[in-house]
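The residues making up each chain are set out below.
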Amino acid sequence: MPSILSATDTQTKATQSVTEQMSVFNHEQIVFCNDNNVGLKAIIGIHNTVLGPALGGTRMWNYASEQEALTDVLRLSRGMTYKSAVAGINLGGGKAVIIGDPKKIKTEALLRSYGKFIDNLGGKYITAEDVSMNSKDMEIIHMETDFVTGLPENMGGSGDPSPVTAMGVWMGMKASVKEVYGNDSLEGKKIIVQGLGNVGKHLIEYLAKENAELFVYDIDSEKIKSVSKQYKIKVLSESELYSADADIYAPCALGATINSQTLEQLKVKIICGSANNQLADENIHGKMVEEKGILYAPDFVVNAGGIINVYYELEGYNRERALSHAERIYDTTIKIFDIAKKEKLPTYLAANRLAEERIKAIAQLNARL
Ligand code: NAD
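Everything numeric here is computed off the predicted structure, so don't read it as measured data.

What to know about the sheet that holds strand S8 (residues 213-217)
Here's step 1: Within the open sheet, the six strands sit side by side as S9-S8-S7-S10-S11-S12. Their pairing is parallel. This sheet does not close on itself; its edge strands, each paired only once, are strand S9 (233-235) and strand S12 (295-296).
Here's step 2: Pairing analysis gives three bridges linking S8 to S9, with the strands arranged parallel. Each bridged residue has a counterpart across the sheet, and for Leu214 the counterpart in S9 is Ile233.

Here is the structure:
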């Protein structure tokens, strides 16, 4: 499998001890799990539990090295702390990785052994699905522990999170349009949607209802065919995708699509989509977006519908409650734009600021009471 980190990410960290790496972003706990009998090698990362138990998915990936896996878990678990804090839910940030090729190593015994490690943490870490893990795998892990979300609906779980994620992205987009154009109607707005998968297809439904003009691209022609049967869309080619004459770009496929090359081509005024880690390099491209006069709705703010959805699974799942919470992404996005203007910060840093303030305030409250 290809590396999912840049070489620099891995090399810089490899010179530090594990606790030194943990101290960079103040991670609370890292748990290394090993079970020779079933071939399990996993790392559970708990970044911060001030707001609640650390919830985040388990990713199974054939990492090139243990260091690469550790770097990934440190980065992803910290990201979950910020995502949940901004979403206003009572969850901390965690994430886990199982090292190995899922096609070769994923067995019932391995997943159950992993479930026992999660159980030993007594609820400090709660898992969910991520890359190469599905709700069937969650069912197996659930045989050993209750600290699992993302279970199928027929088991009291929250099922597919993507309709809730799409609703949140739609809300973030309307807030962005209000900021740029003065009112939040999407009618007649030209919107590029990249990726017509689980989130993209639900997002299209919301946008079509508002009579937006839709421009789409997906590498999978079957997805395009299926969406064109239901909605009036203009299909772009890969080469037209970024340079199309449009108002909004909604990345709903992969990360890192906001980079130096694409920023040279983009003519839009707003970027707002579901993909994780959209900025190839936060420091460089977060600033470049501003300089180009594009309003960037931070990815982890507008795509929080998924984590909001599993949060309500912990309390006895109710989709209406999850959707109604995801609707609040509209107000949160507006708040972030206000902080960005007031503090003269790029929007992604304004979002970080909002998360940090909430964690600090609740930590102080916990210390007093
Ligand atoms: P998905 O796998 O169902 O859909 C992704 C789609 O993107 C597929 O149709 C695929 O063919 C297409 N695609 C892949 N590479 C592409 C490219 N280069 N150009 C155009 N299309 C391409 O995934 P999803 O669940 O819809 O998630 C989409 C994104 O949103 C991912 O980055 C995911 O991490 C993020 N996200 C999803 C959720 C959720 O609830 N599903 C929650 C938060 C974040």
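Description of the site of the ligand
Here's step 1: Thr165, Val199, Asp218, Ala253 and Ser274 are the nearest of the 21 residues found near the ligand.
Here's step 2: Taking Gly197, its main chain carries an N or O atom lying 3.5 Å from an oxygen atom of the ligand.
Here's step 3: For the ligand, the protein covers 75% of the area, taking 830 Å² as the surface of the free molecule.
Here's step 4: Those elements giving two or more residues to the shell around the ligand turn out to be helix H7 (162-181) and helix H8 (198-209).
Here's step 5: For the shell around the ligand, the class distribution of residues is nine nonpolar, nine polar and three charged.

Description of the domain arrangement of the protein
Here's step 1: Domain boundaries assigned for the protein yield domain 1 (22-81 + 91-155) and domain 2 (162-304 + 333-354).
Here's step 2: For domain 1 and domain 2, the distance between their C-alpha centres works out to 29 Å.

A look at helix H11 (residues 282-291)
Here's step 1: Those residues of H11 not exposed but buried are His285, Gly286 and Val289. Across the axial projection of H11, the buried residues extend over an arc of 105°, all falling on one side. Opposite the buried face of H11, at more than 90 degrees from it, the exposed residues are Asn283 and Glu291.
Here's step 2: Considering only its buried residues, H11 is in contact with helix H10 (260-265), S12 and helix H16 (347-368).
Here's step 3: Its side-chain oxygen at 3.0 Å from the backbone nitrogen of Asn283, Asp281 defines the N-terminal cap of H11.

The rules behind the values
- Residue positions are given per chain, counting from 1 as you read along its sequence in written order.
- Local features in this predicted model are restricted to residues whose pLDDT is 70 or higher, and side-chain atom pairs enter the listing and the counts only when it is 80 or higher, whereas totals over whole chains, interfaces and linings include all residues.
- The side-chain values count all of the structure's non-hydrogen atoms but skip hydrogen atoms and water molecules.
- Pairing between strands is defined by DSSP: at least two bridges between them are needed.
- Every helix listed is a DSSP run of H or I at least four residues long, and every strand listed is a run of E at least two residues long, numbered separately from the N terminus.
- In these notes, residues near a molecule or strand are those with any non-hydrogen atom within 4 Å of it.
- Polar contacts here mean pairs of N or O atoms no more than 3.5 Å apart (in protein, one a potential hydrogen donor and the other a potential acceptor; neighbouring residues in sequence count only if both atoms are side-chain atoms).
- In short, Shrake-Rupley with a 1.4 Å probe defines the accessible areas, and a residue's cover is counted only from the protein chains shown.
- For this classification, the nonpolar set comprises Ala, Val, Leu, Ile, Met, Phe, Trp, Tyr, Cys and Pro, the charged set comprises Asp, Glu, Lys and Arg, and every other residue, Gly included, is treated as polar.
- Domain borders in the structure are assigned automatically or taken from a domain database.
- For each residue, the accessible area found with a 1.4 Å probe, counting protein chains only, is set against the maximum for its type, and the residue is called buried under 20%, exposed over 50%, and partly exposed in between.
- Read the arc as the range of directions from the helix axis to the C-beta atoms.
- For this analysis, residues touch if any pair of their heavy atoms sits within 4.5 Å.

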